[in-house]
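Commentary on secondary and tertiary structure
Here are the chains, one letter per residue:
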Amino acid sequence: MITYTILTTYPGQRSSANVGDQLIEVATKRLVEREKGPVRFLTLFREDPLEERLDEINATAAVLLPAFPIRDAPMHPGCYRLTADLDRLRVPLIPIGANWNTYPGDDESRRHTRFSAATLGFLQRVAAGVPRLSCREHHVCDVLRRHGIHNTVMTGDPAWYDPDLLGRPFHRPDEVRQVVFSPPLSAYYRDQGAAVLRLLAELFPAARRCCAMHLTDRVASPFADKRPTNDASMRAEVAEKNAFLRREAARLGFEVIELAGDVGKLEFYRECDLHVGYECHAHLSLFRFRRPSILIAEDARGVGFNYTLGAVGFPGFVRRAPGLAAGAHPGGTSGYCVSPGEYALAAARDDLVEELAQALREELATGFRRYLGVGPIIDDTYAAAMAPFLRSLPS
């Protein structure tokens, strides 16, 4: 039986225990098994050193890198610890659904992004070892092309796909009986997020309203393991933002649902008529279950998903100054806004709620007609790109 190493972006029940990262891991394994038949997985966290596991890893067919976060932290050893001497890894490193993130992540960000020599060298090494480098949305391919890496393929995010629902039509509710909000990651978007909560309470007074927390934080975490990861999720201001939005959601009659560390809890999205919020993998969870979602983009990830999948979505920011923030990103492998310098480039929009309200009224009046094309995009991307890519994995 084939064995693959998976270097997951999910740290287990520690740090933020981001359930979106857990979903990517679980979805990747399911899709690989669908296309390759019964396989085994050696699963390790991407920030853990691999020296003591090299014999096991080199005995597997390949190292699969789901979500492959392209961040100039640098990539190695900032995003992936791996080994000091990469030549000791004798099997290919294979990204699946690579993602790129920066703030704010608009067209200007893509034009101005220039990777360091260390990160570019690592990306070139990975790209040279695979026939195709799988990317989860079109903007990732564009950024890599701008750095001379052309052997990319847009396969989508593994979390887009529930194999049991491929080919199914989208749920188009004539009435929103259950609506879910997901909060922003950045503390700078706290007040905008609260305004969206108030809008949803106003528009859907009779609906069951939920606030889905995909990540925990340094204050709310129920987990015994408090070791941080190389991201911004355990910063004090993030915990304060989360506490504020939990209180505001409860005040407005939302049920606050804690999802961190338990991918099984995402099943509740199957019963939701609509998601409106900031969390990319809440958005993709609704899409994988063929249900409408509106994603408010707070960084390059959301911008890229909205561009690639279409339907209804908005940037949560507005440009105030050109270029990119100077210096290293203080949020580690997180790409969202964590500093005054970044926020000075692009601030949270003051007019978002008005535009969002108009879009919601339009979709309610037309039976969510703008979502008719999302299912076929997902289905065709799987058949034409993701499935052939997975079948080409080394055996």
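In the block above lies the structure referred to throughout.
Below or above, wherever it landed, is the structure these notes cover. (Residues numbered from 1 in each chain as written. Predicted model: local features only at pLDDT ≥ 70, side-chain atom pairs only at ≥ 80, totals over all residues. Heavy atoms only, no water.)

**Thoughts on the sheet that holds strand β9 (residues 178–182)**
Sheets are built from strands paired through backbone hydrogen bonds, the pairs being either parallel or antiparallel. Overall, parallel pairing links the six strands, which are arranged β11-β10-β9-β12-β13-β14 in an open sheet. Strands with a single pairing partner mark the edges of an open sheet, and in this sheet they are β11 (255–258) and β14 (313–315). Pairwise comparison of adjacent strand axes, ignoring direction, gives a mean angle of 20° for this sheet. Alignment of β9 against strand β12 (residues 274–277), held across four bridges, turns out to be parallel. When the sheet's bridge partners are listed, Phe181 is paired in β12 with Val276. Sheet contacts for helix α8 (residues 236–251): β10 (208–213) and β11; angle to β11, the most-contacted strand, approximately 140°. Sitting on the sheet, helix α9 (residues 280–288) is in contact with β9, β12 and β13 (293–297), with an inclination near 160° to β13. (Pairing = 2+ DSSP bridges. Helix = DSSP H or I, 4+ residues; strand = E, 2+ residues; numbered from the N terminus. Axes fitted to C-alpha atoms, helices over the stretch in contact; angles between N-to-C directions. Contact = heavy atoms within 4.5 Å.)

**Here we look at helix α13 (residues 374–391)**
A rise of 1.5 Å per residue sets the reference length of α13, with its 18 residues, at 26 Å; its end C-alpha atoms lie 24 Å apart and thus fit the reference within 8%. Most pronounced at Tyr382, the bend in α13 amounts to some 45°. Where α13 is buried, its residues meet α1 (19–36), β5 (93–96), β7 (133–135), β8 (152–154), α9 and α10 (300–309). (Expected span 1.5 Å × (residues − 1). Bend = angle between axes of the 7 residues up to and from the residue.)

**Observations regarding the packing of aromatic side chains**
Note on aromatic pairs: each is described by the distance of the centres and the angle between the planes. The full count for this structure, using the stated rule, is 14 aromatic pairs. Joined through ring pairs, the aromatic side chains of Tyr103, Phe181, Tyr189, Tyr278 and Phe317 make up one cluster. It is Arg190 that lies over the ring of Phe244; its NZ or CZ is 3.9 Å from the centre. Between the NZ or CZ atom of Arg209 and the centre of the ring of Phe254, over which it lies, the distance is 5.4 Å. (Phe/Tyr/Trp six-rings, centres within 6.5 Å; stacked < 30°, edge-to-face > 60°. Lys NZ or Arg CZ within 6 Å of the ring centre and 35° of its normal.)

**Notes on the state of the cysteines**
Going through the model one piece at a time under the given rule, you end up with zero disulfides. Cysteine Cys210 shares no disulfide, and the gap to the nearest cysteine sulfur, in Cys272, comes to 5.8 Å. (Disulfide = S-S within 2.5 Å.)

**Quick word on the nonpolar core**
General note: in soluble globular proteins, nonpolar side chains tend to be found buried as a group. In this structure, Phe68 and Ile70 are the most contacted members of the largest nonpolar core, which totals 104 residues. Top contributing element to this core by residue count: α13, with eight residues. Of all hydrophobic cores here, the second largest spans 18 residues; its members include Leu23, Ile24, Ala212 and Leu259. (Core = buried A, V, L, I, M, F, W, Y, C linked by side-chain atoms within 4.5 Å. Buried < 20%, exposed > 50% of the residue type's maximum accessible area, 1.4 Å probe, protein only.)

**Examining the pattern of salt bridges**
Inspection of the entire model under this criterion finds 33 salt bridges. Note that Arg227 is salt-bridged to Asp225, the shortest N-O span being 2.7 Å. Of the charged contacts in the structure, one is a salt bridge between Asp299 and Arg301, with a shortest N-O distance of 2.8 Å. The class for Arg301 is buried, based on a relative accessible area of 17%. What emerges from the salt-bridge pattern is a single network uniting Arg30, Asp162, Asp164, Glu267 and Arg270. (Salt bridge = Lys/Arg side-chain N within 4 Å of Asp/Glu carboxyl O.)

**Considerations on the side chain of Glu363**
Within the element layout of this structure, Glu363 appears in helix α12 (residues 352–366). Among the polar contacts made by the side chain of Glu363, one reaches the side chain of Arg370 at a distance of 2.4 Å. Beyond its immediate sequence surroundings of up to four residues, Glu363 is in contact with Val312, Phe368, Arg369, Arg370 and Tyr371. (Polar contact = N/O pair within 3.5 Å; in protein donor to acceptor, adjacent residues only side chain to side chain.)

**Considerations on the packing of α1 against α9**
The description of two helices packed together rests on the angle between their axes and the distance between the axes. Running from N to C, α1 and α9 cross one another at 40°; their axes reach a closest spacing of 10 Å. The orientation of α1 relative to α9 falls into the category oblique. Classified by chirality, the crossing of α9 by α1 is left-handed. On α9, the residues that touch Gly20, Leu23, Ile24, Ala27 and Arg30 of α1 are His281, Ser285 and Arg288. Grouping the constituent residues of the contact of α1 with α9 by class yields three nonpolar, three polar and two charged. (Parallel < 35°, antiparallel > 145°, perpendicular 65-115°, else oblique. Left-handed = near helix turned anticlockwise from the far one by under 90°. Nonpolar A, V, L, I, M, F, W, Y, C, P; charged D, E, K, R; others polar.)

**Some remarks on the sheet that holds strand β2 (residues 39–45)**
The parallel open sheet is built from four strands, whose spatial order is β2-β1-β3-β5. The open sheet is flanked by β2 and β5, the only strands paired with a single partner. Strand-to-strand twist in this sheet, taken as the mean axis angle between neighbours without regard to direction, amounts to 30°. Note that strand β1 (residues 2–8) and strand β3 (residues 63–66) share two bridges and pair parallel. Residue pairing across strands places Ile6 opposite Leu64, the latter belonging to β3.

**Some thoughts on unusual backbone geometry**
Of note, the amide linkage connecting Ala73 to Pro74 takes the cis form, showing an omega dihedral of -5°. Put simply, His76 and Pro77 share a cis peptide bond, and its omega is 15°. By secondary structure assignment, the location of Pro77 is in helix α3 (residues 75–79). The phi dihedral of Ala311 is positive, around 65°, even though this residue is not glycine. Positionally, Ala311 belongs in the loop between α10 and β14. Judged by relative accessible area, which is 30%, Ala311 ranks as partly exposed.

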